[in-house]
Amino acid sequence: MITLRVSDAVELVRKNLDELDPNGSIMMDDENGSADEYGDNMSLDDIVARTLPEAINAVHLGAPVQLLEGKSVADEDLVSVSVQADGILSFALTTGTHFLRLVAFEAADSDIVVTDVLGEASPEGRKQLNPYIRGRADRPRLVLSQGRHTGPVFKYYSLDTGRESFPSYVSNPSSAIYKLSFLQEQFFDESATEYPICRRLRQNIIDCLTAMVLETYNNQQAQAYYQKANSYSTI
């Protein structure tokens, strides 16, 4: 992860606006509040700053998973961890983690990295209730419990109950989690000077932010920037 400074975001959005129309960013300032006579409205810089977290979240949610980086889970992020006798690993994250999207999960007894989260009520999610066809160590599945987004609850299917190490996971469930990283939802903070972002998505975020600002001004050229924001280089 890297950080994107609010001041840099403002400068880059203004650059995009001026490429569309010379002095376009200044004209938007005049029309929408930076001039003294329109002091009750937000300036362009204010709009960019307030919209930045929304643009970050949108791009982080839409990007291919191979471009993502994330926060590694810490002990304080976990509310509970348990391992059942049949190999199901369950864990819950705290409300304060602001979980947005999974980046990677890997159990201690498997080399398979899971990046997709299944809905509990989805067809594949319901399959995990059948012990004969559910996920196993060589083709694991991770399920998000329905209705648990504020403090998300996950079930991993499943640990290998035949391994010698399995009893240690039952007695110490946290040791069954080898890797867990995720993206956090960003919220506007008036005192914030920067926000964490995935390095390879920086330009996509600036393009999405530009589109959102243009949309605020009812500028039809917003669609062109939305298209650029949704174009990802996976090389």
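Heads up: these notes are all about the structure in this document. (Residues numbered from 1 in each chain as written. Predicted model: local features only at pLDDT ≥ 70, side-chain atom pairs only at ≥ 80, totals over all residues. Heavy atoms only, no water.)

As for the overall build of the chain
Along its length, the chain carries seven helices and ten strands. Based on the C-alpha atoms only, the size of the chain along its principal axes is roughly 70 × 30 × 30 Å. For the chain, buried positions account for 45% of its 235 residues. Accessible area of the chain: about 12500 Å², with a carbon and sulfur share of 47%. Between the averaged position of the 20 positive side-chain charges in the chain and that of its 34 negative side-chain charges there is a distance of 12 Å. (Helix = DSSP H or I, 4+ residues; strand = E, 2+ residues; numbered from the N terminus. Buried < 20%, exposed > 50% of the residue type's maximum accessible area, 1.4 Å probe, protein only. Areas by Shrake-Rupley, 256 points an atom, 1.4 Å probe, with all protein chains shown as cover. Lys, Arg positive; Asp, Glu negative; His and termini not counted. Charge placed at Lys NZ, Arg CZ, Asp CG, Glu CD.)

Some words on the pairing of strand S10 (residues 194–197)
Residues Tyr 195 and Ile 197 of S10 are buried on one face, while the alternating residues Glu 194 and Pro 196, pointing to the opposite face, are not. Note that strand S1 (residues 2–5) and S10 share four bridges and pair antiparallel. Its bridge partner being in S10, Leu 4 is matched across the sheet by Tyr 195. (Pairing = 2+ DSSP bridges.)

Examining the pattern of salt bridges
Within the structure shown, the criterion is met by nine salt bridges. Here Arg 5 and Asp 8 are joined by a salt bridge, their closest N and O atoms 3.0 Å apart. In this structure Arg 5 comes out as partly exposed when scored by relative accessible area, which is 45%. Lys 127 is paired through a salt bridge with Glu 124; the nearest N and O atoms lie 3.5 Å apart. (Salt bridge = Lys/Arg side-chain N within 4 Å of Asp/Glu carboxyl O.)

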